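# Reading the structure
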Amino acid sequence: PVREVYKRCKVSADKGTRLKARLIEQGFLTEVEVPLQAKGRASKLLVCTRQGLEKVGLPPRAGKGGALHQHLQRLIAGAAAQQGYRATVEAGGADGKAVDVCLERDGRRIAVEISVTTRAPDEVHNIVADLGAGYAAVVVLFVDLTTCAATQRLLQERGERAQSAAVHCGLVKDYAAVLKQAEGG
(Lines give C-alpha, C1' and ligand atoms only; values in the text may rest on other atoms or scores of the structure.)
Protein backbone atom coordinates (compact mmCIF):
# COMPACT_ATOMS: atom_id res chain seq x y z
CA PRO A 1 0.00 0.00 0.00
CA VAL A 2 1.04 3.57 -0.72
CA ARG A 3 0.88 4.64 2.90
CA GLU A 4 3.55 2.08 3.80
CA VAL A 5 5.81 3.41 1.07
CA TYR A 6 5.36 6.96 2.36
CA LYS A 7 6.06 5.77 5.90
CA ARG A 8 9.30 4.03 4.81
CA CYS A 9 10.33 7.23 3.02
CA LYS A 10 9.49 9.20 6.18
CA VAL A 11 7.03 11.54 4.49
CA SER A 12 3.41 12.23 5.30
CA ALA A 13 0.67 10.91 3.01
CA ASP A 14 -0.10 14.48 1.92
CA LYS A 15 3.53 15.29 1.10
CA GLY A 16 3.98 11.92 -0.65
CA THR A 17 0.91 12.53 -2.81
CA ARG A 18 2.15 16.01 -3.77
CA LEU A 19 5.63 14.68 -4.57
CA LYS A 20 4.17 11.91 -6.73
CA ALA A 21 1.98 14.42 -8.59
CA ARG A 22 4.98 16.68 -9.22
CA LEU A 23 7.11 13.82 -10.56
CA ILE A 24 4.26 12.77 -12.88
CA GLU A 25 3.75 16.39 -14.01
CA GLN A 26 7.48 16.73 -14.80
CA GLY A 27 7.40 13.53 -16.83
CA PHE A 28 9.66 11.46 -14.56
CA LEU A 29 6.93 9.01 -13.51
CA THR A 30 3.74 7.77 -15.06
CA GLU A 31 0.85 6.10 -13.27
CA VAL A 32 -0.30 2.98 -15.06
CA GLU A 33 -3.56 1.19 -14.43
CA VAL A 34 -2.73 -2.49 -14.82
CA PRO A 35 -4.87 -5.53 -14.18
CA LEU A 36 -2.72 -7.89 -12.15
CA GLN A 37 -4.95 -10.80 -13.14
CA ALA A 38 -7.06 -11.48 -16.22
CA LYS A 39 -10.18 -10.62 -14.21
CA GLY A 40 -10.62 -8.33 -11.28
CA ARG A 41 -9.81 -4.82 -10.25
CA ALA A 42 -6.84 -3.04 -11.81
CA SER A 43 -3.98 -1.80 -9.70
CA LYS A 44 -2.19 1.49 -10.18
CA LEU A 45 1.55 1.24 -10.56
CA LEU A 46 4.11 4.01 -10.71
CA VAL A 47 6.56 3.49 -13.55
CA CYS A 48 9.73 5.48 -14.03
CA THR A 49 9.69 6.96 -17.54
CA ARG A 50 12.67 6.98 -19.90
CA GLN A 51 13.15 10.64 -18.91
CA GLY A 52 13.08 9.68 -15.23
CA LEU A 53 15.64 6.92 -15.73
CA GLU A 54 17.92 9.31 -17.60
CA LYS A 55 17.53 11.95 -14.85
CA VAL A 56 18.90 9.55 -12.21
CA GLY A 57 21.59 8.21 -14.52
CA LEU A 58 20.10 4.78 -15.24
CA PRO A 59 19.89 3.38 -18.76
CA PRO A 60 16.50 2.21 -20.03
CA ARG A 61 16.22 -1.55 -19.98
CA ALA A 62 17.11 -3.05 -23.34
CA GLY A 63 16.01 -6.35 -24.82
CA LYS A 64 12.93 -8.23 -23.81
CA GLY A 65 11.66 -5.70 -21.29
CA GLY A 66 11.40 -5.52 -17.56
CA ALA A 67 9.04 -7.18 -15.14
CA LEU A 68 6.06 -4.92 -16.00
CA HIS A 69 6.56 -5.46 -19.73
CA GLN A 70 6.76 -9.23 -19.30
CA HIS A 71 3.72 -9.24 -17.01
CA LEU A 72 1.72 -7.29 -19.58
CA GLN A 73 2.79 -9.71 -22.33
CA ARG A 74 1.54 -12.71 -20.32
CA LEU A 75 -1.66 -10.92 -19.32
CA ILE A 76 -2.49 -9.91 -22.89
CA ALA A 77 -1.63 -13.35 -24.27
CA GLY A 78 -3.88 -14.98 -21.66
CA ALA A 79 -6.79 -12.62 -22.31
CA ALA A 80 -6.46 -13.12 -26.08
CA ALA A 81 -6.35 -16.90 -25.68
CA GLN A 82 -9.67 -16.68 -23.81
CA GLN A 83 -11.06 -14.89 -26.89
CA GLY A 84 -10.04 -17.74 -29.16
CA TYR A 85 -6.66 -16.46 -30.34
CA ARG A 86 -3.50 -18.49 -30.50
CA ALA A 87 -1.17 -16.14 -28.62
CA THR A 88 2.62 -16.35 -28.78
CA VAL A 89 4.85 -14.18 -26.59
CA GLU A 90 8.07 -12.93 -28.24
CA ALA A 91 7.13 -14.36 -31.65
CA GLY A 92 9.82 -14.15 -34.32
CA GLY A 93 9.38 -11.20 -36.62
CA ALA A 94 11.19 -9.38 -39.41
CA ASP A 95 14.97 -9.00 -39.29
CA GLY A 96 15.21 -11.08 -36.11
CA LYS A 97 13.01 -8.59 -34.24
CA ALA A 98 10.48 -10.30 -31.99
CA VAL A 99 6.86 -9.19 -31.74
CA ASP A 100 5.81 -8.76 -28.10
CA VAL A 101 2.67 -10.86 -28.60
CA CYS A 102 1.48 -12.46 -31.83
CA LEU A 103 -2.24 -13.17 -32.04
CA GLU A 104 -3.55 -15.60 -34.66
CA ARG A 105 -7.12 -16.57 -35.46
CA ASP A 106 -8.88 -17.56 -38.68
CA GLY A 107 -5.68 -17.15 -40.69
CA ARG A 108 -5.23 -13.53 -39.59
CA ARG A 109 -2.22 -12.37 -37.59
CA ILE A 110 -2.18 -9.33 -35.31
CA ALA A 111 1.06 -8.04 -33.79
CA VAL A 112 0.82 -6.55 -30.30
CA GLU A 113 3.62 -4.23 -29.20
CA ILE A 114 3.85 -2.98 -25.63
CA SER A 115 5.58 0.32 -24.90
CA VAL A 116 6.75 0.92 -21.36
CA THR A 117 9.88 3.07 -21.88
CA THR A 118 10.28 2.95 -25.67
CA ARG A 119 10.40 6.21 -27.64
CA ALA A 120 8.01 7.02 -30.48
CA PRO A 121 10.59 6.57 -33.31
CA ASP A 122 11.35 3.07 -32.02
CA GLU A 123 7.65 2.20 -31.92
CA VAL A 124 7.18 3.46 -35.48
CA HIS A 125 10.13 1.28 -36.54
CA ASN A 126 8.45 -1.72 -34.86
CA ILE A 127 5.12 -0.95 -36.54
CA VAL A 128 6.67 -0.71 -40.00
CA ALA A 129 8.64 -3.94 -39.41
CA ASP A 130 5.52 -5.78 -38.20
CA LEU A 131 3.46 -4.69 -41.21
CA GLY A 132 6.38 -5.60 -43.48
CA ALA A 133 6.44 -9.05 -41.90
CA GLY A 134 2.86 -9.61 -43.06
CA TYR A 135 0.82 -8.85 -39.96
CA ALA A 136 -2.70 -7.77 -40.91
CA ALA A 137 -2.81 -5.28 -38.04
CA VAL A 138 -0.58 -3.90 -35.32
CA VAL A 139 -1.86 -3.04 -31.85
CA VAL A 140 0.48 -0.79 -29.88
CA LEU A 141 -0.26 -0.45 -26.18
CA PHE A 142 1.31 2.33 -24.13
CA VAL A 143 1.64 2.97 -20.44
CA ASP A 144 1.48 6.71 -21.02
CA LEU A 145 -0.60 8.92 -23.27
CA THR A 146 2.33 11.18 -24.23
CA THR A 147 4.26 8.44 -26.04
CA CYS A 148 1.04 7.15 -27.60
CA ALA A 149 0.25 10.60 -29.05
CA ALA A 150 3.86 11.11 -30.20
CA THR A 151 3.83 7.76 -32.01
CA GLN A 152 0.56 8.54 -33.76
CA ARG A 153 1.85 11.98 -34.74
CA LEU A 154 5.09 10.52 -36.11
CA LEU A 155 3.17 7.93 -38.15
CA GLN A 156 1.12 10.73 -39.73
CA GLU A 157 4.18 12.91 -40.37
CA ARG A 158 5.94 10.05 -42.13
CA GLY A 159 2.96 9.62 -44.40
CA GLU A 160 2.14 6.11 -43.30
CA ARG A 161 -1.50 6.74 -44.25
CA ALA A 162 -1.91 3.50 -46.19
CA GLN A 163 -0.70 1.61 -43.15
CA SER A 164 -2.46 3.73 -40.55
CA ALA A 165 -5.75 1.84 -41.00
CA ALA A 166 -3.92 -1.29 -39.84
CA VAL A 167 -2.35 0.41 -36.80
CA HIS A 168 -4.28 0.73 -33.56
CA CYS A 169 -2.77 2.62 -30.62
CA GLY A 170 -4.08 2.96 -27.10
CA LEU A 171 -3.34 2.64 -23.43
CA VAL A 172 -2.68 -0.72 -21.80
CA LYS A 173 -5.80 -0.34 -19.67
CA ASP A 174 -7.88 -0.05 -22.87
CA TYR A 175 -6.44 -3.22 -24.41
CA ALA A 176 -9.80 -4.90 -25.10
CA ALA A 177 -11.20 -1.88 -26.96
CA VAL A 178 -8.01 -1.41 -29.01
CA LEU A 179 -7.99 -5.10 -30.00
CA LYS A 180 -11.66 -4.84 -31.01
CA GLN A 181 -10.71 -1.99 -33.40
CA ALA A 182 -7.95 -4.15 -34.87
CA GLU A 183 -10.35 -7.05 -35.36
CA GLY A 184 -12.57 -4.82 -37.49
CA GLY A 185 -9.71 -4.22 -39.93
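For the structure itself, look to the data block above.
Residues numbered from 1 in each chain as written. Predicted model: local features only at pLDDT ≥ 70, side-chain atom pairs only at ≥ 80, totals over all residues. Heavy atoms only, no water.

## Some thoughts on the sheet that holds strand β3 (residues 86-92)
The condition that has to hold: Pairs of strands are assigned from DSSP output, requiring at least two bridges between the strands. Numbering of helices and strands starts at the N terminus; helices are DSSP runs of H or I of at least 4 residues and strands are runs of E of at least 2. Working convention: axes come from line fits to C-alpha atoms, limited for helices to the stretch in contact. Angles between N-to-C directions cover 0 to 180 degrees. Residue contacts are defined here by distance: any two heavy atoms, one from each residue, within 4.5 Å place the two residues in contact.
In spatial order, the strands read β3-β4-β5-β6-β7; together these five strands make up an open sheet with mixed pairing. The two strands at the open ends of the sheet, each matched to only one other strand, are β3 and β7 (167-171). Shown here is a sheet whose adjacent strand axes are inclined to one another by a mean of 25 degrees, direction ignored. As judged from the five bridges shared by strand β6 (residues 137-142) and β7, these two strands associate in the parallel manner. Paired with F142 across the two strands is L171, which belongs to β7. Packed onto the sheet, helix α6 (residues 145-157) meets β5 (108-115), β6 and β7 and runs at close to 160 degrees relative to β7.

## So, the pattern of salt bridges
Definition in use: Here, a salt bridge means any side-chain nitrogen of Lys or Arg that lies within 4 Å of a carboxyl oxygen of Asp or Glu.
On inspection of all chains with the given rule, the structure shows five salt bridges. One salt bridge in this structure joins R18 and D14, with 3.2 Å as the shortest N-O distance. Residue R18 and its partner D14 are both found in helix α2 (residues 13-25); the two are separated by four residues, about one turn of the helix. Here K173 ties to D174 by a salt bridge, and the two come within 3.6 Å at their closest N and O atoms.

## Regarding α6
Our working definition: Here the expected length of a helix is defined as 1.5 Å per residue gap, with one fewer gap than residues. Relative accessibility thresholds used throughout: buried, under 20% of the residue-type maximum; exposed, over 50%; partly exposed, between the two (1.4 Å probe, protein chains only). As used here, the arc belongs to the directions running from the helix axis to the C-beta atoms.
Across its 13 residues, α6 extends 18 Å between first and last C-alpha, which sits within 8% of the 18 Å expected from 1.5 Å per residue. The set of residues buried in α6 consists of T147, C148, T151, L154 and L155. What you see down the axis of α6 is that its buried residues fit within an arc of 130 degrees, all on one side. For α6, the exposed residues lying more than 90 degrees away from the buried face are L145, T146, Q156 and E157. Buried-residue contacts for α6 involve β5, α5 (120-132), β6 and β7. Of the residues flanking the end of α6, it is G159, one or two places downstream, whose phi is positive at about 75 degrees.

## Concerning the packing of aromatic side chains
Convention followed: The pairing test for Phe, Tyr and Trp rings, Trp by its six-membered ring, is centres within 6.5 Å, and the orientation test on the planes gives stacked under 30 degrees, edge-to-face over 60, and tilted for anything in between. For a lysine, the NZ atom is tested; for an arginine, the CZ atom; a charge sits over a ring if that atom is within 6 Å of the ring centre and within 35 degrees of the ring normal.
Taken as a whole, this structure holds zero aromatic pairs when the rule is applied. The ring of Y85 is capped by R105, whose NZ or CZ atom sits 4.1 Å from the centre of that ring. Over the ring of Y135 we find R109; its NZ or CZ atom is 4.0 Å from the centre of that ring.

## Section: unusual backbone geometry
Look at E90: it is not a glycine, yet its phi comes out positive at around 55 degrees. Along the chain, E90 falls in strand β3. Even without being glycine, D106 reaches a positive phi, approximately 55 degrees. Relative to the helices and strands, D106 resides in the loop between β4 (98-105) and β5.

## With respect to the environment of K173
With respect to the helices and strands, the residue K173 is situated in the loop between β7 and α8 (175-184). Taking the relative accessible area as the measure of exposure, K173 reaches 46% and is therefore partly exposed. Sequence separation of K173 and V32 is 141 residues, and the distance between their C-alpha atoms is 7.9 Å.

## Comments concerning the state of the cysteines
Working definition of a disulfide: a covalent bond connecting the sulfur atoms of two cysteines. Which entries qualify depends on this criterion: Cysteine sulfur atoms that come within 2.5 Å of each other are treated as a disulfide pair.
In this structure the tally under the stated criterion is zero disulfides. Note on C169: no disulfide assigned, nearest cysteine sulfur contributed by C148 at a separation of 5.2 Å.

## A look at the environment of V112
On the secondary structure map, V112 appears in strand β5. Given a relative accessible area of 0%, V112 falls into the buried group. Each C-alpha atom, one on V112 and one on L141, is 7.4 Å from the other, the two residues being 29 residues apart in sequence. Non-local contacts of V112, meaning those with residues more than four positions away in its chain, are made with I76, V99, D100, V101, L103, V139 and L141.

## A closer look at the nonpolar core
Heads up, the condition is: By nonpolar core is meant a set of buried Ala, Val, Leu, Ile, Met, Phe, Trp, Tyr and Cys residues that side-chain atoms within 4.5 Å join together.
Of all hydrophobic cores here, the largest spans 23 residues; its most connected members are L103, I110, V112, V139, L141, V143 and Y175. For this core, the elements supplying multiple residues, two or more each, are α4 (67-82), β4, β5, β6 and α8. No other element matches the five residues that α4 contributes to this core. Residues within four places of V143 in sequence aside, it is in contact with T30, E31, V32, L68, L72, S115, V116, L171 and V172.

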